[in-house]
Each structure stands twice: as structure tokens, then as C-alpha cells.
Amino acid sequence: LRRGLESSEAGEQASAADLESARLSAQAELATNYFLLRALDVQKQLLDDSVAAFQKSLDLTRNRYVAGVAGKVDVAQAETQLRSTQAQAVNTGVQRAQLEHAIALLIGKAPSDFSLPPAPMRLVMPAIPVGVPSELLERRSDIAAAERRVAAANAQIGVAQSAYFPSLTLTGAVGSQATDASLWFTTASRFWSIGPALALTLFDAGLRRAQTDQAIAAYDATVAEYRQTVLNGFREVEDNLAALRILEEEAKIQDQAVRAARESVLLTTNQYKAGIVSYLNVAIVQTAQLNNE
């Protein structure tokens, strides 16, 4: 009974960890959707700024066409570029609405009654230490649940082994030993007895040994699952640490590409105004700038 209670308590603690894991998963999904939504807000602002710049380019091209300096094809290219970017800006609204609805569901509100106004993403990434202590992984609810299941399975071995011990029962009897009905209720004819009784199975054809082996095998399986859960935890931590390090390097190079693209647009636009290049050159460098942005 004691080992059975120990197993049940460990199972309850594992279930509590499973509940915490589900809660953590929902919180992570909420955070992911929120940051994706804010990233779309930044992207929408970028596209709106590009639309304004492309509108100026279209106005410039039309004026040059009216003056007879540019051809009709330049106007068509400028207008195509403008409308295409406007379509991209409108399309972000669909993705943003879907993320907004997903956030509403995660916080328990009806999608029609929930909205988040656009806002810039002001995010400061936390400093991640070089060596993350392995003790931090013990806070993970999935690892805690796996460890508690190991404890529950270990207690079940004790439950199975208890079948080897004799079964102790307390029995008692009370009655009358009179053969004459008139003497049934007299004190002299009454008797009682109380005492323990031990019962031990001498032969079970290997049943208890098999049940114990089964409990040990189940324990070994939970130990393997626990080890796998811990290894997965280490892998996920290492994956994200590597991603942070590599993406930080990529972001620095991307910043350089953005600066170079902006300078290329400025130079090519000046060349177009001077009549040195066609508008196709301007469209190419503007598209490259938008992609890098």
C-alpha cells in the first residue's frame, strides 16, 4: 500500500507537470503569434514607405514623359512597380488578421471582439550567457514529468514484489454451540474467537516473477524516455543558441546590404534624372532595396 501510494503521488506530480507543459506551450504560441504580428506591422510600414517612394518615381517618370524625355515604357514600368508593392501592402492585412484572430482564441476572446492596433516593434533581445547551466533544464515541465514517471514506475516494482510476501488477515468468529434452541441465547453456550491468519502462495507457475519482470521492464522504458527527454532538451537549447549566434552575424551583414542598396538607389535615380540610364535600371535597384529592407 505504501509503494502504491508512492506511485500514485508521483503520477499526480507528473500530471501536474503535463498541465504546466500545456500551459507553457500555449504561452509560447501566444508570444510567437504576437511577435509575428508586430513583424507584419513593421513590414506594412516598410511597404507603405516604399509605395510613397514609388509614387514619387511614377510622378517623376510621367513628368519626363510629358516633356518628351522618357518613353511610355518607363511610365508602365514605374506604374507596375507601384501597383505590385501596393498589392503586397494590402496582402499583409490578411496575414495580420489571421494572427490577430489566433491571439484572440489563445486569450479566450471572440475574434470579432478583439483587435490590436498597429505599433512599432521595440524589442531588446536579452543577453544569453555563454554556458547555460544544465540545472536550468530541470525547470522544464516535460523533463519534470518524465522524471516523476520514472519514480512512479519504480514504486510499481515494489508493488509487484509485495506479492512474494504472505498475506496477513485478521479474522473473528462469534456464535452459539447449543443444540437446543432454548439454549441459544444463554451465556454458557456462546463462543467467540479472534486472531491473525497468514496465507502464502507456494506455487504460481512463475506469475509473480513475470509480474515483477514486467514492472522492471516498464521502469526501464520510463528511464529511457526520461533520458530521451533530457537529450531533446539539450538539443533544443543548443539549436537556439546556435541560431542566435548565426542570425546575429547574418543581421550585421544584412545591415550592410541595406545601406549599399539605399546608396545604389540614390545614385541610379540621379543617373535617370540626368538621362544617362533608363527607368528599368531604377526599378531593378529599387526592387533590390525593398527586398533587402
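Note that the coordinates shown come from a computational prediction; the quantities given were computed from them, not determined experimentally.

(A) Layout of the packing of aromatic side chains. Within the structure shown, the criterion is met by 2 aromatic pairs. Centroid distance Tyr-34 to Phe-35: 5.6 Å. Interplanar angle 70°. Geometry classified as edge-to-face. The partly exposed category is assigned to Tyr-34, whose relative accessible area is 34%. On the basis of relative accessibility, which here comes to 38%, the residue Phe-35 falls in the partly exposed class. With 5.4 Å between their ring centres and 70° between their planes, Tyr-272 and Tyr-279 make a pair best called edge-to-face.

(B) Structural view of helix α2 (residues 72-106). Between its first and last C-alpha atoms α2 spans 52 Å; for 35 residues at 1.5 Å apiece the expected length is 51 Å, and the two agree. Taken from the residues just after α2, Gly-108 is the one with a positive phi, measuring 80°.

(C) Inspection of the packing of helix α4 (residues 207-273) against helix α5 (residues 279-292) at higher detail. At a minimum axis separation of 9 Å, α4 and α5 run at an interaxial angle of 160°. By the criterion of interaxial angle, the relationship of α4 to α5 is roughly antiparallel. For the pair α4 and α5, the crossing hand works out as left-handed. Facing α4, whose interface residues are Gln-254, Ala-257, Val-258, Ala-261, Arg-262, Ser-264, Val-265, Thr-268, Thr-269 and Tyr-272, α5 presents Tyr-279, Asn-281, Val-282, Val-285, Gln-286, Gln-289 and Asn-292. Along the lines of polarity and charge, the residues of the contact of α4 with α5 split into 8 nonpolar, 8 polar and 1 charged.

(D) Spatial organisation of the pattern of salt bridges. Taken as a whole and assessed by the stated rule, the structure comprises 14 salt bridges. Residues Glu-79 and Arg-83 are paired through a salt bridge, measuring 3.9 Å at the closest nitrogen-oxygen approach. Pair noted here: Glu-79 and Arg-83 are both in helix α2, with a separation of 4 residues, about one helical turn. One salt bridge in this structure joins Glu-147 and Arg-148, with 2.9 Å as the shortest N-O distance. With relative accessibility at 24%, the residue Arg-148 sits in the partly exposed group.

Definitions and cut-offs
Residues numbered from 1 in each chain as written. Predicted model: local features only at pLDDT ≥ 70, side-chain atom pairs only at ≥ 80, totals over all residues. Heavy atoms only, no water. Phe/Tyr/Trp six-rings, centres within 6.5 Å; stacked < 30°, edge-to-face > 60°. Buried < 20%, exposed > 50% of the residue type's maximum accessible area, 1.4 Å probe, protein only. Helix = DSSP H or I, 4+ residues; strand = E, 2+ residues; numbered from the N terminus. Expected span 1.5 Å × (residues − 1). Axes fitted to C-alpha atoms, helices over the stretch in contact; angles between N-to-C directions. Parallel < 35°, antiparallel > 145°, perpendicular 65-115°, else oblique. Left-handed = near helix turned anticlockwise from the far one by under 90°. Contact = heavy atoms within 4.5 Å. Nonpolar A, V, L, I, M, F, W, Y, C, P; charged D, E, K, R; others polar. Salt bridge = Lys/Arg side-chain N within 4 Å of Asp/Glu carboxyl O.

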